[in-house]
Protein chains: 2
Amino acid sequence: MNKFMELAIIEARKGIENEEGGPFGAVIVKNGEVVGKGHNQVLKRHDPTCHGEMMAIHDACENLGTFDLSGCEIYTTGEPCPMCLGAILWANMDKVYYGCNIIDTAKIGFRDEQFYKMSSPQEKAKFVKELDRDACLKLYDRYVKITGKANY
Amino acid sequence: MNKFMELAIIEARKGIENEEGGPFGAVIVKNGEVVGKGHNQVLKRHDPTCHGEMMAIHDACENLGTFDLSGCEIYTTGEPCPMCLGAILWANMDKVYYGCNIIDTAKIGFRDEQFYKMSSPQEKAKFVKELDRDACLKLYDRYVKITGKANY
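Residues numbered from 1 in each chain as written. Chains lettered and ligands numbered in written order. Predicted model: local features only at pLDDT ≥ 70, side-chain atom pairs only at ≥ 80, totals over all residues. Heavy atoms only, no water.

Caption draft 1: Structural view of the interface of chain B and chain A. The partner chain A presents 82 residues to the 82 residues of chain B that form the contact. Where chain B abuts chain A, roughly 7,700 Å² becomes buried across the two surfaces, and 69% of that area is made up of carbon and sulfur atoms. Across the contact surface, chain B and chain A share six salt bridges. Measuring nitrogen to oxygen at the nearest pair gives 3.1 Å for the salt bridge that ties Arg142 of chain B to Glu17 of chain A. Between chain B and chain A we count 22 residue pairs in polar contact (both at pLDDT 80 or more) in total. Broken down by element, the side of chain B that touches chain A gets its largest block of residues, ten residues, from helix H8 (residues 133-147) of chain B. Across the side of chain B that touches chain A, the residue classes break down as 46 nonpolar, 20 polar and 16 charged. (Contact = heavy atoms within 4.5 Å. Buried area = accessible area lost by both parts, 1.4 Å probe. Salt bridge = Lys/Arg side-chain N within 4 Å of Asp/Glu carboxyl O. Polar contact = N/O pair within 3.5 Å; in protein donor to acceptor, adjacent residues only side chain to side chain. Helix = DSSP H or I, 4+ residues; strand = E, 2+ residues; numbered from the N terminus. Nonpolar A, V, L, I, M, F, W, Y, C, P; charged D, E, K, R; others polar.)

Listed below in structure tokens is the structure:
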């Protein structure tokens, strides 16, 4: 078995034995070395964003002192939900290895699959609405004037 | 102009004036009252997950002492990226108001639109791979035995 996935499982077990959240652990690897790890702590921290992958990203960013995890790979016990996949992309990681897929994860009661469907343009339009665009465009203009260009 | 969107813009301006990150602020409202707010701090915190909506969710969860933001609405200066939309769904919010859309946001240099495309099953399959599923299924089984059922 892959040694990094084994570490991700060990992380996940820590979380479930202590009732911190779901069975999800993740490890981030750069050049063959672990640079970050974490497990689901949604229940412990009263925070729906504390998924295993998110905690591993926080840990790796703190360890490396950057928001840019280019060249890193992530190993995670469950296929990333839309939130975690988005975080992985913002972190510039380009390789994800997962154990259980989102159908497996749905079977134990989590809504990842449903949330991918709700993220489609058609479904999203039902609950995500535009408001005061002109005022917000002025804010964007102000930002461009300050920075000259986008900086990340 | 909507008073909550105005507050979201004020939040965003705080962030850009102090060079903490992009022009993105968010406010979470429950029963007509602000219960959380935040702005993008990706640069300040060296963390790619610190988007305005995420910071507002952290703040609301801390203020209300729960990961469940049912009955809350979020007002955000830019249409949520896949990560933030996922976080909004995990938090059980069912109403999102945004100012600028993801095309506007792409024009000032951010990759939200690209990341929605990369989250489709076909695109995702290029960089997201299954590994050691059987070992991870055993972990899921262990979780179900501990909790009896999924608990969030």
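Structure's up, so let's keep going.
Caption draft 2: Region of interest: the packing of aromatic side chains. Taken as a whole, this structure holds twelve aromatic pairs over all chains when the rule is applied. On the basis of an interplanar angle of 80° and a centroid distance of 5.1 Å, the ring pair of Phe24 of chain A and Phe110 of chain A is categorised as edge-to-face. Of this pair, Phe24 of chain A sits in the loop between helix H1 (3-17) and strand S1 (25-30) while Phe110 of chain A sits in the loop between helix H5 (102-107) and helix H6 (112-118), and the two are 86 residues apart along the sequence. Overall, Phe24 of chain A belongs to the buried group, its relative accessible area being 11%. A centroid spacing of 4.9 Å and a plane angle of 20° characterise the contact between Tyr75 of chain A and Tyr97 of chain A, whose relative ring orientation is stacked. Of this pair, Tyr75 of chain A sits in strand S3 (residues 72-78) while Tyr97 of chain A sits in strand S4 (residues 96-100), and the two are 22 residues apart along the sequence. Accessibility classification places Tyr75 of chain A together with Tyr97 of chain A in one group, the buried group. Ring-pair connections join several aromatic residues into one group, and the members of that group are Phe24 and Phe110 of chain A together with Tyr140 and Tyr143 of chain B. Between Lys124 of chain A and the ring centre of Tyr116 of chain B, over which it is positioned, the NZ or CZ distance is 3.8 Å. (Phe/Tyr/Trp six-rings, centres within 6.5 Å; stacked < 30°, edge-to-face > 60°. Buried < 20%, exposed > 50% of the residue type's maximum accessible area, 1.4 Å probe, protein only. Lys NZ or Arg CZ within 6 Å of the ring centre and 35° of its normal.)

Caption draft 3: Summary view of the nonpolar core. Ranked by internal contacts, the top residues of the largest apolar core, which has 92 residues, are Ile28 of chain A together with Ile28 of chain B. Not counting chain neighbours up to four residues away, the residues in contact with Ile28 of chain B comprise Glu33, Val34, Val35, Gly36, Ala56, Ile57, Ala60, Leu69, Cys72, Glu73, Ile74 and Met93 of chain B. (Core = buried A, V, L, I, M, F, W, Y, C linked by side-chain atoms within 4.5 Å.)

Caption draft 4: Fine view of the packing of helix H4 (residues 82-90) of chain A against helix H4 (residues 82-90) of chain B. It is the contact of H4 of chain A with H4 of chain B, at a shortest axis distance of 7 Å, that shows an interaxial angle of 155°. With respect to H4 of chain B, the axis of H4 of chain A lies roughly antiparallel. Pair H4 of chain A / H4 of chain B crosses with left-handed handedness. Contact residues: H4 of chain A offers Pro82, Met83, Gly86, Ala87 and Trp90 of chain A, while H4 of chain B offers Pro82, Met83, Gly86, Ala87 and Trp90 of chain B. When grouped by side-chain class, the residues that make up the contact of H4 of chain A with H4 of chain B number eight nonpolar, two polar and no charged. (Axes fitted to C-alpha atoms, helices over the stretch in contact; angles between N-to-C directions. Parallel < 35°, antiparallel > 145°, perpendicular 65-115°, else oblique. Left-handed = near helix turned anticlockwise from the far one by under 90°.)

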